[in-house]
Amino acid sequence: MSEKERVQDPDGRFSMVPPAGWSAAPDEEQGGLEVWREDEGIGTLHLISFDAEDDFPDPAEELYAFLEDRGVELEEDDVDDLPLEGGAELAVCEYEAEDEDEGDVTFWMVAVASAPGVMMFATYVAPAGEQEAERELVRQALGTLRLAAAEEDS
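Here the structure is a predicted model, which means the values were calculated and not measured.

Asks: Describe in detail the overall build of the protein chain, supporting the description with residues and values.
Replies: The helix and strand inventory of the protein chain stands at two helices and ten strands. Going from the N terminus to the C terminus, the protein chain shows its helices and strands as β-β-β-β-β-α-β-β-β-β-α-β. Computed over the C-alpha atoms, the radius of gyration of the protein chain is 15 Å, within 12% of the 15 Å expected from 2.2 N^0.38 for a compact globule of 154 residues. Each principal axis of the C-alpha distribution contributes one length, and for the protein chain these read about 55 × 35 × 30 Å. Looking at the protein chain as a whole, 42% of its 154 residues are labelled buried.

Below is the structure:
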């Protein structure tokens, strides 16, 4: 992975290295960055960042709160905590959810990363049963995240 392959979000709060053969572009509708496989892609990874009110929010607590708001209940051992370069932390979980209207089942990988003054949310969505084609690539890409700590006011 070279630095020239590293992409940065439009707000400059994080950067990452997408998997080989994947594209990344700003998400004009929701903000943040979208990452997808160019040929025969299964799912889409969406990443968005925010200035954090806390100095260094706990990513696992933020992940549980985010999922609770959406009616998803997980056990503590369903979340993986991963250290990132530069002292940032990443909490990631996976689950499947059924669309009540359509009856389709969707695979979700949700991650929260934090560093002093910044927080990043990531969601990867794919049809359930097809996620294995990209699951590890998405996890590896999330492992390349670098968060930019919020600048101190002078």
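Past the structure itself, the notes keep going.
Asks: Can you break down helix α1 (residues 59-69) residue by residue, with the values?
Replies: Every buried residue of α1 is accounted for by P59, A60, L63, F66 and L67. With its buried residues spanning 125 degrees around the axis, α1 presents them on a single face. Summarising the geometry of α1, the exposed residues directed more than 90 degrees from the buried face are E61, E68 and D69. One side-chain oxygen of the residue at the start of α1 lies 2.8 Å from the amide nitrogen of A60, identifying that residue as D58. In the stretch just after α1, G71 is the one whose phi turns positive, near 80 degrees.

Asks: With reference to specific residues and values, describe the pattern of salt bridges.
Replies: Applying the stated criterion across every chain, the model contains seven salt bridges. Here R146 and E85 are joined by a salt bridge, their closest N and O atoms 3.1 Å apart. Taken as a pair, R146 in strand β10 (residues 146-147) and E85 in the loop between β6 (79-83) and β7 (89-98) lie far apart in primary sequence, 61 residues in all. According to the relative accessible area criterion, R146 is partly exposed, its value standing at 28%.

Asks: Tell me about the environment of E132, residues and numbers included.
Replies: Position of E132 among the secondary structure elements: in the loop between β9 (118-127) and α2 (135-142). For E132, a relative accessible area of 53% puts it in the exposed group.

Asks: Go over the pairing of strand β5 (residues 44-51) with me, naming the residues and quoting the values.
Replies: Relative to β5, strand β4 (residues 33-37) is paired through four bridges, and the arrangement is antiparallel. Bridging from a neighbouring strand, V35 pairs with L45 of β5. The antiparallel pairing of β4 with β5 creates a hairpin that spans six residues between the two strands, and E40 there sits at a positive phi of about 55 degrees. Here eight bridges tie β5 to β9, and the two strands are oriented antiparallel to one another. Within β9, the residue paired with L47 across the bridge is A122.

Asks: For the sheet that holds β10, give the residues involved together with the corresponding values.
Replies: The antiparallel open sheet is built from three strands, whose spatial order is β1-β2-β10. The sheet is open, and its two edges are formed by β1 (7-8) and β10, each paired on a single side. As judged from the two bridges shared by β1 and strand β2 (residues 14-16), these two strands associate in the antiparallel manner. Looking at the pairing, Q8 lines up with S15 of β2.

Calculation rules
- Residues numbered from 1 in each chain as written.
- Predicted model: local features only at pLDDT ≥ 70, side-chain atom pairs only at ≥ 80, totals over all residues.
- Heavy atoms only, no water.
- Helix = DSSP H or I, 4+ residues; strand = E, 2+ residues; numbered from the N terminus.
- Rg over C-alpha atoms; globule rule 2.2 N^0.38 Å.
- Buried < 20%, exposed > 50% of the residue type's maximum accessible area, 1.4 Å probe, protein only.
- Arc of directions from axis to C-beta.
- Polar contact = N/O pair within 3.5 Å; in protein donor to acceptor, adjacent residues only side chain to side chain.
- Salt bridge = Lys/Arg side-chain N within 4 Å of Asp/Glu carboxyl O.
- Pairing = 2+ DSSP bridges.

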